[in-house]
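This is what each chain is made of:
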Amino acid sequence: MIIHVCSYARLHSTVERTGARHVVTLLGAGDHIEPPLGVPAGNHLFLRMHDINEPLDGHVAPDAAHVEDLIDFVRGWDRAAPLVVHCWAGISRSTAAAFVTVCALEPERDEHEIAWAIRRASPTATPNIRIVKFADAMLRRDGRMVAAIESIGRGDFAEEGVPFRLPLIA
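Definitions and limits used
- Residues numbered from 1 in each chain as written.
- Predicted model: local features only at pLDDT ≥ 70, side-chain atom pairs only at ≥ 80, totals over all residues.
- Heavy atoms only, no water.
- Salt bridge = Lys/Arg side-chain N within 4 Å of Asp/Glu carboxyl O.
- Helix = DSSP H or I, 4+ residues; strand = E, 2+ residues; numbered from the N terminus.
- Buried < 20%, exposed > 50% of the residue type's maximum accessible area, 1.4 Å probe, protein only.
- Core = buried A, V, L, I, M, F, W, Y, C linked by side-chain atoms within 4.5 Å.
- Contact = heavy atoms within 4.5 Å.
- Pairing = 2+ DSSP bridges.
- Polar contact = N/O pair within 3.5 Å; in protein donor to acceptor, adjacent residues only side chain to side chain.
- Axes fitted to C-alpha atoms, helices over the stretch in contact; angles between N-to-C directions.
- Parallel < 35°, antiparallel > 145°, perpendicular 65-115°, else oblique.
- Left-handed = near helix turned anticlockwise from the far one by under 90°.
- Nonpolar A, V, L, I, M, F, W, Y, C, P; charged D, E, K, R; others polar.

A. Expanded view of the pattern of salt bridges. Counted under the stated rule, the structure contains six salt bridges. One salt bridge connects Arg-141 with Glu-111, and the closest N-O pair in it is separated by 2.7 Å. With Arg-141 in the loop between helix H5 (129–138) and helix H6 (144–152) and Glu-111 in helix H4 (residues 111–121), this pair connects stretches of sequence that are 30 residues apart. As far as the burial class goes, Arg-141 and Glu-111 line up, both buried. The residue Asp-142 makes a salt bridge to Arg-144 at a minimum N-O spacing of 3.7 Å. Exposure remark for Asp-142: the relative accessible area of 68% places this residue in the exposed category. The class of Arg-144 is partly exposed, set by a relative accessible area of 37%.

B. Just the nonpolar core, in detail. Counting residues in hydrophobic clusters, the biggest one holds 43 residues, and the most contacted among them are Ile-3, Val-24, Leu-26 and Phe-99. Of all the elements, helix H3 (residues 93–105) adds the most residues to this core, at nine residues. In contact with Ile-3, not counting residues within four places along its chain, are Trp-77, Leu-83, Val-85, Ala-98, Thr-101, Val-102, Phe-164, Arg-165, Leu-166 and Leu-168. Listed in part, the nine residues of the second largest apolar core include Cys-6, Val-15, Leu-27 and Val-84.

C. A look at the pairing of strand E5 (residues 164–167). Side chains Phe-164 and Leu-166 project from E5 onto a buried face, and the interleaved Arg-165 and Pro-167 project onto a face without burial. Here four bridges tie strand E1 (residues 2–7) to E5, and the two strands are oriented antiparallel to one another. In the sheet register, Ile-3 faces E5, and the bridge partner there is Leu-166.

D. Quick peek at H5. Along H5, the residues classified as buried are Ile-129, Arg-130, Ile-131, Val-132, Ala-135 and Asp-136. Among the structural elements, strand E2 (22–27), helix H2 (64–76), H3 and H6 are those in contact with the buried residues of H5. A side-chain oxygen of the first residue of H5 lies 2.9 Å from the backbone nitrogen of Arg-130; this N-cap is Asn-128. Of the residues one or two after H5, Arg-140 is the one with positive phi, at around 55°.

E. Here's a closer look at the packing of H3 against H6. For the pair H3 and H6, the least separation of the axes is 12 Å and the interaxial angle reads 140°. By the angle between their axes, H3 is oblique relative to H6. Between H3 and H6 lies a crossing whose hand is right-handed. Where H3 approaches H6, its residues Phe-99, Val-100 and Cys-103 are matched on the opposing element by Met-145, Ala-148 and Ile-149. Here the contact of H3 with H6 is built from residues that sort into six nonpolar, no polar and no charged.

Now the structure itself:
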């Protein structure tokens, strides 16, 4: 099965093109979107957080509850159709969530292999390290998730990320 990662601008076309029936949205607390057609409300997780790595006044930092909700949601994904994960630009929050998804669903898979698959698929991907740190602890990956993301470095600067697909092996 496939995870598709994109920006908000490409959400609706990606859902339509792929036939996805599950969506993870990672946008700011005040952001609103038109729900994608064909995705039942119970199959759409909306995580309200800003793209920051440390708490900042007036912003919602990713926290353990967000990551726990993400992990619970993707573990409930039936994999009958693709999953779309998006944030505003498709660069940081969504790439971190896709990385966390694969780590949660394929616990035997090597973290570095997953991180480098993301880098090969998208030169702009820069997974939000705060999201990764929470997931690393929850999934008991002993710092390997963080090290894997640090090993791929920051992606190319862009206003919008390069959309990509991330396959699940199992």
